[in-house]
Amino acid sequence: MSNESAAWPVADQALSQEILDLVQQASHYRQLKKGANEATKTLNRGISEIVILAADTTPLAILLHLPLLCEDKNTPYVSAALPSEQAHMLRDMRALCGAEC
């Protein structure tokens, strides 16, 4: 299997590590919404500050509407490819949405 992903923009390794740290910090404050449905809801409500997409999501079609919605709402988004030892922490997340609570 190749390392190339159809997800774009994909964060480099250093930025992926910073994103992981940010996600861990935000989860302690309960300011994360997990999953494509929750990300869509917060984007539509206008409370999203950033959307982080998992670059290795299969099928990728689950997340294809989110970049378009982010651009429509002027919300930054990025696809993060995490190393396998760190991915277990975010195993069930396809999309993360940093929301202001």
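The preceding data block contains the structure.
Quick notes on the rules
Residues numbered from 1 in each chain as written. Predicted model: local features only at pLDDT ≥ 70, side-chain atom pairs only at ≥ 80, totals over all residues. Heavy atoms only, no water. Helix = DSSP H or I, 4+ residues; strand = E, 2+ residues; numbered from the N terminus. Buried < 20%, exposed > 50% of the residue type's maximum accessible area, 1.4 Å probe, protein only. Contact = heavy atoms within 4.5 Å. Areas by Shrake-Rupley, 256 points an atom, 1.4 Å probe, with all protein chains shown as cover. Right-handed = clockwise from strand over helix to strand, strands pointing away.

Visitor: Before we go on, may I ask you to explain the overall build of the protein chain in this structure?
Guide: Scanning the protein chain from terminus to terminus reveals 4 helices and 4 strands. Walking the protein chain from its N terminus toward its C terminus, one meets helices and strands in the order α-β-α-β-α-β-α-β. Relative to its 101 residues, the protein chain shows a buried fraction of 39%. Nonlocal contacts in the protein chain, meaning residues at least 24 apart in sequence, comprise 86% of its contacts between residues at least 6 apart. Just so you have it, the protein chain exposes about 6,700 Å², and 50% of that area is on carbon and sulfur atoms.

Visitor: Where do I start with helix H2 (residues 36-45) in this structure?
Guide: For an α-helix, 3.6 residues make a turn, and residues three or four places apart therefore share a direction. Within the sequence span of H2, burial applies to Ala 36, Ala 39, Thr 40, Thr 42 and Leu 43. Looking one or two residues past H2, Gly 46 carries a phi angle of roughly 80 degrees, positive in sign.

Visitor: Explanation requested: the pairing of strand E2 (residues 48-54) in the structure shown.
Guide: Regular strands have side chains that alternate between both faces of the sheet. Within E2, 5 of the 7 residues are buried, leaving the element largely enclosed by the surrounding structure. Crossover E2 to strand E3 (residues 77-80) through helix H3 (residues 65-73) is right-handed.

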